[in-house]
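Per-entry structural report
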Amino acid sequence: MNVFDLIINDKEQVSLNDIFLDEANKQKFEQLIKEHKYIEELSRYGLPVNNKILLHGSSGCGKTMTAKAIANALGKNILILNLSNVICSRIGETSQNIKQVFDKAGREKAVLFLDEFDQIGKARGNDDKDVGEMRRLVNTLIQLIDYFPEKALLLCATNHPEIIDTALTRRFQLRINFEMPSKEILDKYYDKLLSRFPQEFQLIERRYNISYAEAQDHTFTLMKAALIKELEEKQIEA
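Residues numbered from 1 in each chain as written. Predicted model: local features only at pLDDT ≥ 70, side-chain atom pairs only at ≥ 80, totals over all residues. Heavy atoms only, no water.

**Details of the packing of helix 1 (residues 23–37) against helix 3 (residues 63–74)**
The packing of two helices is summarised by the inter-axis angle and the distance between the axes. Packing of helix 1 against helix 3 leaves a shortest axis separation of 10 Å and a crossing angle of 30°. Both helix 1 and helix 3 take part in a crossing whose hand is right-handed. The segment helix 1 lies against helix 3, with Phe29, Leu32, Ile33, His36 and Lys37 engaging Thr66, Ile70, Ala73 and Leu74. Each residue belonging to the contact of helix 1 with helix 3 can be placed in one class, and the counts come to 6 nonpolar, 2 polar and 1 charged. (Axes fitted to C-alpha atoms, helices over the stretch in contact; angles between N-to-C directions. Helix = DSSP H or I, 4+ residues; strand = E, 2+ residues; numbered from the N terminus. Left-handed = near helix turned anticlockwise from the far one by under 90°. Contact = heavy atoms within 4.5 Å. Nonpolar A, V, L, I, M, F, W, Y, C, P; charged D, E, K, R; others polar.)

**Quick notes on the nonpolar core**
Within the largest apolar cluster, 36 residues are counted, with the highest numbers of intra-cluster contacts made by Phe29, Ile70, Phe113, Leu153 and Leu155. Beyond its immediate stretch of four places on either side in the chain, Ile70 contacts Phe29, Leu32, Ile33, Leu153 and Leu155. (Core = buried A, V, L, I, M, F, W, Y, C linked by side-chain atoms within 4.5 Å. Buried < 20%, exposed > 50% of the residue type's maximum accessible area, 1.4 Å probe, protein only.)

**As for the side chain of Ser95**
In this fold, Ser95 is placed in helix 4 (residues 91–108). Judged by relative accessible area, Ser95 falls into the buried class, the value being 12%.

**Section: the pattern of salt bridges**
As enumerated under the stated definition, the model contains 8 salt bridges in all. Among the salt bridges present, the one from Asp103 reaches Lys99, with a minimum N-O distance of 2.9 Å. One end of the pair, Asp103, and the other, Lys99, are both in helix 4, 4 residues apart, so they sit about a helical turn from each other. The class of Asp103 is partly exposed, set by a relative accessible area of 32%. It is possible to trace a salt-bridge network through shared partners that takes in Lys183, Asp187, Asp191 and Arg206. (Salt bridge = Lys/Arg side-chain N within 4 Å of Asp/Glu carboxyl O.)

**Concerning helix 3**
With 12 residues, helix 3 should cover 16 Å at 1.5 Å per step; its first-to-last C-alpha distance of 17 Å lies within 8% of that length. The inward-facing, buried residues of helix 3 abut helix 1, strand 2 (52–57), strand 3 (78–82), strand 4 (111–115), strand 5 (153–158) and strand 6 (174–178). Of the residues one or two after helix 3, Gly75 is the one with positive phi, at around 65°. (Expected span 1.5 Å × (residues − 1).)

**With respect to the pairing of strand 3**
With respect to burial, strand 3 is a largely interior element, 5 of its 5 residues being buried. On strand 3, burial covers both faces: Ile78, Ile80 and Asn82 on one face and Leu79 and Leu81 on the other are all buried. Inspection of the sheet shows strand 3 paired to strand 4 by 5 bridges, in the parallel sense. The partner of Leu81 across the bridge, within strand 4, is Leu114. (Pairing = 2+ DSSP bridges.)

**Focus on the pairing of strand 2**
Taking burial as the measure, the 6 residues of strand 2 include 6 buried ones, the bulk of the element. Because side chains alternate across strand 2, one face comprises the buried residues Lys52, Leu54 and His56, and the other comprises Ile53, Leu55 and Gly57, equally buried. The pairing of strand 2 with strand 5 spans 5 bridges and is parallel. Of the residues in strand 5, the one forming a bridge with His56 is Thr158. With 5 bridges connecting them, strand 2 and strand 6 associate as parallel partners. When the sheet's bridge partners are listed, Gly57 is paired in strand 6 with Phe178.

**Some remarks on the packing of helix 8 (residues 183–194) against helix 9 (residues 212–237)**
Two numbers describe how helix 8 lies on helix 9: the axes approach to 10 Å, and their chain directions differ by 40°. On the basis of the axis angle, helix 8 is oblique to helix 9. Both helix 8 and helix 9 take part in a crossing whose hand is right-handed. Between helix 8 and helix 9, the contacting residues are Ile185, Leu186, Tyr189, Tyr190, Leu193 and Leu194 on the first element and Tyr212, Ala215, Gln216, His218, Thr219, Phe220 and Met223 on the second. Within the contact of helix 8 with helix 9, the residues separate by chemical class into 10 nonpolar, 3 polar and no charged. (Parallel < 35°, antiparallel > 145°, perpendicular 65-115°, else oblique.)

**Brief notes about the packing of aromatic side chains**
Throughout the structure, instances matching the rule amount to 8 aromatic pairs. Ring centres of Tyr189 and Tyr212 lie 5.1 Å apart, and the angle between their planes is 70°; this geometry places the pair in the edge-to-face category. Taken together, the residues span a long stretch of sequence, with Tyr189 in helix 8 and Tyr212 in helix 9 at a distance of 23 residues. Accessibility assignment for this pair places Tyr189 and Tyr212 in one class, buried. Through successive ring pairs, a cluster of aromatic residues spans Phe20, Tyr189 and Tyr212. In this arrangement the basic side chain of Lys183 is found over the ring face of Tyr208, its NZ or CZ atom lying 4.8 Å from the centre. (Phe/Tyr/Trp six-rings, centres within 6.5 Å; stacked < 30°, edge-to-face > 60°. Lys NZ or Arg CZ within 6 Å of the ring centre and 35° of its normal.)

Structural data, given as structure tokens:
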């Protein structure tokens, strides 16, 4: 397996203003971006920048989009890697694959986004041999994080932070939680999604207690059905 074939080089242009973040999280990310923009000035005073961030919380609430927005704000390339695609039965091979990705991100001073970071924890087995091999993998990852260059940025995402090895979670300078949106926030999100469509299509049944991604899928499904119905009716009339 060539691990570089699994890396997604995403060029989507996203800003923090495109993402529905609560005010506290938005301020944290704005501060993070400013730190990296002024990294040289801060270093003159011996002030390190935060460059190891754990994003945790509900799926579909903006973790990946946030990573893209940070990369865009800093003018950095983003390397997206889903750890579930890298974990294999040969732990030594997994360690080497992850090391290659870290090395590439470090050389390019890129944003490295590791999705499903909990796969490192989930991969632990009951067999003593499995536990020993996973411990070596965790140790490798700890070393890679410890020596990750300051001018690169590591963002790791998980829906299950509680199962990640505590020795790993301690390495992150910031741990930021993404919560499910409230009804009020989802209404604002629906308003934004629907604003691009004709007024007569905007009165849809809104679903709540779901993620942003689920709300988008729900909205787009209804919009496609409504637009297709209108096109079919026009064809019949013609």
